[in-house]
Protein chains: 2
Amino acid sequence: MRSKLNMREVAQKANVSLATVSRAMHSPDKVSASTVERVRKATEELGYVYNATAGDILRGRSTVLGVLVPTASNALFGETLHGIQTMTVGGGYSVLQAATHYDADGEEALIESLLQRRVHALILTGVTYGLEERVEQLAREARVRIVVVWELPKPDMTASYVGFDNMEAARRMTEYLIELGHRRIGLIVGPFSKIARARHRLEGYRIALERAGIPFDADIVKERSPGLLEGREAMDRLMRNEDRPTAVFAASDLLAIGALKAARSMGLSVPGDVSVAGFDDMEVASYQDPPLTTIRVDAYKIGQIAAQTAMEPLGSPTRNYCLDADLVIRGSTGPIKPGGGR
Amino acid sequence: MRSKLNMREVAQKANVSLATVSRAMHSPDKVSASTVERVRKATEELGYVYNATAGDILRGRSTVLGVLVPTASNALFGETLHGIQTMTVGGGYSVLQAATHYDADGEEALIESLLQRRVHALILTGVTYGLEERVEQLAREARVRIVVVWELPKPDMTASYVGFDNMEAARRMTEYLIELGHRRIGLIVGPFSKIARARHRLEGYRIALERAGIPFDADIVKERSPGLLEGREAMDRLMRNEDRPTAVFAASDLLAIGALKAARSMGLSVPGDVSVAGFDDMEVASYQDPPLTTIRVDAYKIGQIAAQTAMEPLGSPTRNYCLDADLVIRGSTGPIKPGGGR
DNA sequence: TTGAAAGCGCTAACAC
DNA sequence: GTGTTAGCGCTTTCAA
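Residues numbered from 1 in each chain as written. Chains lettered and ligands numbered in written order. Predicted model: local features only at pLDDT ≥ 70, side-chain atom pairs only at ≥ 80, totals over all residues. Heavy atoms only, no water.

Draft legend 1. Region of interest: the protein's contact with DNA strand D. Close contacts around DNA strand D come from 26 residues, with A:His26, A:Tyr48, A:Tyr50, A:Leu58 and B:Leu58 the closest. Within 4 Å of the protein, atoms of DNA strand D come from sugar and phosphate in 57% of cases. A:Ser22 is positioned such that a nitrogen or oxygen atom in its side chain is 2.7 Å from a phosphate oxygen of DNA strand D. Side-chain polar atom of B:Thr35 to a phosphate oxygen of DNA strand D: 2.6 Å apart, as the coordinates give it. For the surface near DNA strand D, the secondary structure elements donating two or more residues are α2 (18-26) and α4 (52-59) of chain A together with α2 (18-26) and α4 (52-59) of chain B. Tallied by class, residues from the surface near DNA strand D come to 12 nonpolar, nine polar and five charged. (Near = heavy atom within 4 Å. Polar contact = N/O pair within 3.5 Å; in protein donor to acceptor, adjacent residues only side chain to side chain. Helix = DSSP H or I, 4+ residues; strand = E, 2+ residues; numbered from the N terminus. Nonpolar A, V, L, I, M, F, W, Y, C, P; charged D, E, K, R; others polar.)

Here's what the structure looks like:
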């Protein structure tokens, strides 16, 4: 139960100076083998643990990454987190993690607290509307590296990006549904009034409709936080619409899985009575019955690349990665039932 | 692009001493209002951000919690993480997070790196076999608070625990299946050779069989990492057993969802041909078709309580919380089909 | 190869 | 109220 153990105590025990202990730990080649051994032994006997934060302060560097996700309880962001962690372990970095819950005020406070911890870089899962300027400023002042993930590069931002084209992918999915003969297509989509990737998905949907000459109907577009419950509730409403959609694009797999449940509860067959499509290709998507047609996103890879980019030295050029996001056709979507529409 | 910004620069700009800046930030009531305002202004104009790590060092305290989960990509541990984060935000703590992947060596290295960051406490999702002694030692030396979650208190450990009775819950589930008439019950269970909670679930299963006079058959017990793929593969094997189980207890919902998929792929109806039960009650469990019979665990609450316990001052008494874990009966289990067995 | 000393960014006890 | 000073645990010149 010794109270405070520092390098000085190790130095005393090993009969060397403080500086020598430091050298023995970081560059043993600059110290005689016997001294290194004495220090190692003293360290072990005392149970000394190196203080990395003190070291970082003195060196004026940081080996901590700050990561912000909307919520840790979504397995999708968990995958990205996982990807980040596989890369940081080797690089000697640790990960400070927090969740924003799509709240701009909360996000700002969390960014502030991560900056106070002097993180080397900030990995942000999108930037909530209203915070772009602050993030922009941080990136410009180069106090910290900024990596935005899950979004396509925003040309005027000075941050790095690791994402994919949300709009393009959503357009592709909507077009696929149209090709199947659907013209009444509902949309359940994330908080587009707060985050860009949700808005881009909405945009993609819109554009596809427009190209096909299908009028946009706000009545069958539902904005919801990506969650099972929300998907179920939104689907329920859509299916109670007097002019019920024959297909529903739930632009997040959690929403889609919720939607499948709603359809089942109402006795509707999928895709017989209504087609359901998701977005993200969470692992669980292909385990649904029917398996979910969705957009494949490599959440894990996003994390890996983001971590690599984040760990680069301050002042390194920004990087932009645009990954693939492909349509994966499974069993939850099918041709419109003859006479099903209208 | 100014390089290094510290309190001293703020002091200069505000024409006060370094100490006054510190006071103005932490206890503004001890400084005149006009000075506080001058400091605030200088801080803002320079874009100064307080360095919390330096502060922590000097105060000899820490406001960081270290959290180790098996993997971040499992939504279940994501829930616990989520619970932890809701509590830490208010308390001014940050969360350093890492994943062990059920690997003892990796876990040891991660614990070491968290200790080097001088975390106030360590929240561990179980302790991999082979590491108990090290963790025990850490707790005894009181360098850091240790909170083990998802496990029932181990009487001889000096750490705190926030968990539930895994054995009891598994026994209860197995008994329920037996009550339904099943006597040939397969088990798919987590890495019991590495982590206690998986072993306890195995034990519970064993005890229930024993009480019912059903012989234990290692052929229909599969040890797998909790994952969808693993559950599917294990179920597939179980169903190819010449004396096929009429019920399968997958002691983790992910395994169970994988098992459901395997059954579907083989054209088996659940629960008609085979009953499937899970464990954990992940949110997605009730969204399956059929909805999963499982054990309800409040992963979120575990996180909340763990965080509270972890944030208590060093030297506070250890705490033990045993939460409920109840049987939730849904559609994936049913009575044995007459003539189905043997 | 090693030690002494200066100092990273900050706090707190003590004076004024 | 405010400034001065000593110092947290560590790294890194600079000399020896």
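Draft legend 2. Examining the interface of chain A and chain B more closely. The interface is formed by 58 residues belonging to chain A together with 59 residues belonging to chain B. In this assembly, chain A packs against chain B so that about 5,000 Å² is buried in total across both faces, 52% of it on carbon and sulfur atoms. Viewed at the interface, chain B and chain A are joined by four salt bridges. Ionic pairing is found between A:Arg117 and B:Asp56, a salt bridge with its closest N-O pair at 3.5 Å. Where chain A packs against chain B, one counts 29 residue pairs in polar contact (both at pLDDT 80 or more). Breaking the side of chain A that touches chain B down by element, the ones donating at least two residues are α4, α5 (75-91), β2 (94-99), α6 (104-116), α7 (132-141), α10 (228-240) and α11 (253-265) of chain A. The greatest single-element share of the side of chain A that touches chain B, amounting to seven residues, is contributed by α5(A). Taken together, the residues of the side of chain A that touches chain B break down into 27 nonpolar, 18 polar and 13 charged. (Contact = heavy atoms within 4.5 Å. Buried area = accessible area lost by both parts, 1.4 Å probe. Salt bridge = Lys/Arg side-chain N within 4 Å of Asp/Glu carboxyl O.)

Draft legend 3. Layout of the protein's contact with DNA strand C. Around DNA strand C there are 26 residues in total, and A:Leu58, B:His26, B:Tyr48, B:Tyr50 and B:Leu58 lie nearest to it. When atoms of DNA strand C within 4 Å of the protein are split into backbone and base, the sugar-phosphate part holds 61%. Between DNA strand C and the protein, one listed contact pairs a phosphate oxygen with a backbone N or O atom of A:Ser17 at 2.8 Å. Between DNA strand C and the protein, one listed contact pairs a phosphate oxygen with a side-chain N or O atom of B:Tyr50 at 2.4 Å. If you list the elements that add at least two residues to the surface near DNA strand C, you get α2 and α4 of chain A together with α2 and α4 of chain B. It is α2(B) that contributes the most residues to the surface near DNA strand C, five residues altogether. Counted by class, the surface near DNA strand C contains 12 nonpolar, nine polar and five charged residues.

Draft legend 4. A look at the packing of helix α8 (residues 166-179) of chain A against helix α9 (residues 196-211) of chain A. All names here are of chain A. Closest axis-to-axis distance for the α8/α9 pair is 7 Å, and the angle between their directions is 40 degrees. In terms of orientation, α8 lies oblique with respect to α9. For the pair α8 and α9, the sense of crossing is right-handed. Residue-level inspection shows Asn166, Met167, Ala170, Arg171, Thr174, Glu175 and Ile178 of α8 in contact with α9, the latter providing Arg197, His200, Arg201, Glu203, Gly204, Tyr205, Ile207, Ala208, Leu209 and Arg211. Residue composition of the contact of α8 with α9, by class: seven nonpolar, four polar and six charged. (Axes fitted to C-alpha atoms, helices over the stretch in contact; angles between N-to-C directions. Parallel < 35°, antiparallel > 145°, perpendicular 65-115°, else oblique. Left-handed = near helix turned anticlockwise from the far one by under 90°.)

Draft legend 5. Representation of the relation of the copies chain A and chain B in the model. Between chain A and chain B, which share one sequence, the superposing operator has a rotation angle of 180 degrees and an axial displacement of 0.0 Å; the RMSD is 0.1 Å. In symmetry terms, the pair is related by a two-fold rotation axis. Most of the interface of chain A is mirrored in chain B, where 100% of its interface residues are also at the interface. (Least-squares fit on C-alpha atoms with pLDDT ≥ 70 in both.)

Draft legend 6. Representation of the sheet that holds strand β7 (residues 221-223) of chain A in the model. All names here are of chain A. Pairing in this open sheet of four strands is parallel, and the strands run β7-β6-β8-β9 from one edge to the other. Every other strand in the sheet has two partners, leaving β7 and β9 (275-277) as the edge strands with one partner each. Adjacent strand axes in the sheet meet at a mean angle of 15 degrees when their direction is disregarded. As paired elements, strand β6 (residues 185-189) and β7 share three bridges and run parallel to each other. (Pairing = 2+ DSSP bridges.)

Draft legend 7. Representation of the packing of aromatic side chains. Considering all chains together, one arrives at 10 aromatic pairs over all chains under this definition. Centroid distance A:Phe249 to A:Phe279: 6.4 Å. Interplanar angle 20 degrees. Geometry classified as stacked. Remark: A:Phe279 occurs in the loop between β9 and β10 (294-296) and A:Phe249 occurs in strand β8 (residues 247-250); sequence separation between them is 30 residues. Accessibility expressed as a relative area gives 0% for A:Phe279, which makes it buried. Measuring from centroid to centroid gives 6.1 Å for B:Tyr205 and B:Phe216, while their planes differ by 75 degrees, and the two rings are edge-to-face. Of this pair, B:Tyr205 sits in helix α9 (residues 196-211) while B:Phe216 sits in the loop between α9 and β7 (221-223); the two residues are 11 residues apart in sequence, bridging distant segments of the chain. Within the aromatic cluster, the residues linked to one another by ring pairs are A:Phe77, A:Trp150, A:Phe164, A:Phe249 and A:Phe279. (Phe/Tyr/Trp six-rings, centres within 6.5 Å; stacked < 30°, edge-to-face > 60°. Buried < 20%, exposed > 50% of the residue type's maximum accessible area, 1.4 Å probe, protein only.)

Draft legend 8. Representation of helix α7 (residues 132-141) of chain B. Those residues of α7(B) that sit buried are B:Arg134, B:Val135, B:Glu136, B:Leu138, B:Ala139 and B:Glu141. The elements touched by buried residues of α7(B) are α6 (104-116), β3 (121-125) and β4 (145-149) of chain B.

Draft legend 9. Structural context of the side chain of A:Ser73. Of note, A:Ser73 is situated in the loop between β1 (64-69) and α5. Its relative accessible area of 19% is what places A:Ser73 among the buried residues. Here the side chain of A:Ser73 touches A:Thr71 through a polar contact of 2.8 Å, side chain to side chain. Polar side-chain contacts of A:Ser73 include one of 3.5 Å to the side chain of B:His82. Ignoring sequence-local partners within four residues, the contact set of A:Ser73 consists of B:Ala75, B:Gly78, B:Glu79 and B:His82.

Draft legend 10. Region of interest: helix α10 (residues 228-240) of chain B. Residue and element names in this part refer to chain B. Its 13 residues place the ends of α10 19 Å apart at the C-alpha level, agreeing with the 18 Å of an ideal helix rising 1.5 Å per residue. Along α10, the residues classified as buried are Leu228, Gly231, Ala234, Met235, Leu238 and Met239. Along the axis of α10, the buried residues cluster in a sector spanning 135 degrees; they form a single face. Seen from the open side of α10, the exposed residues pointing more than 90 degrees away from its buried face are Leu229, Arg237 and Arg240. (Expected span 1.5 Å × (residues − 1). Arc of directions from axis to C-beta.)

Draft legend 11. Spotlight on unusual backbone geometry. Looking along the chain, the bond that leaves A:Val270 and enters A:Pro271 is cis, with omega of 5 degrees. Looking at the secondary structure, you find A:Pro271 in the loop between α11 and β9. The omega torsion of the bond from A:Asp289 to A:Pro290 falls at 0 degrees, within 30 degrees of zero and hence cis. Note that A:Pro290 resides in the loop between β9 and β10. In this structure, B:His101 takes a positive phi of about 55 degrees despite not being glycine. Positionally, B:His101 belongs in the loop between β2 (94-99) and α6.

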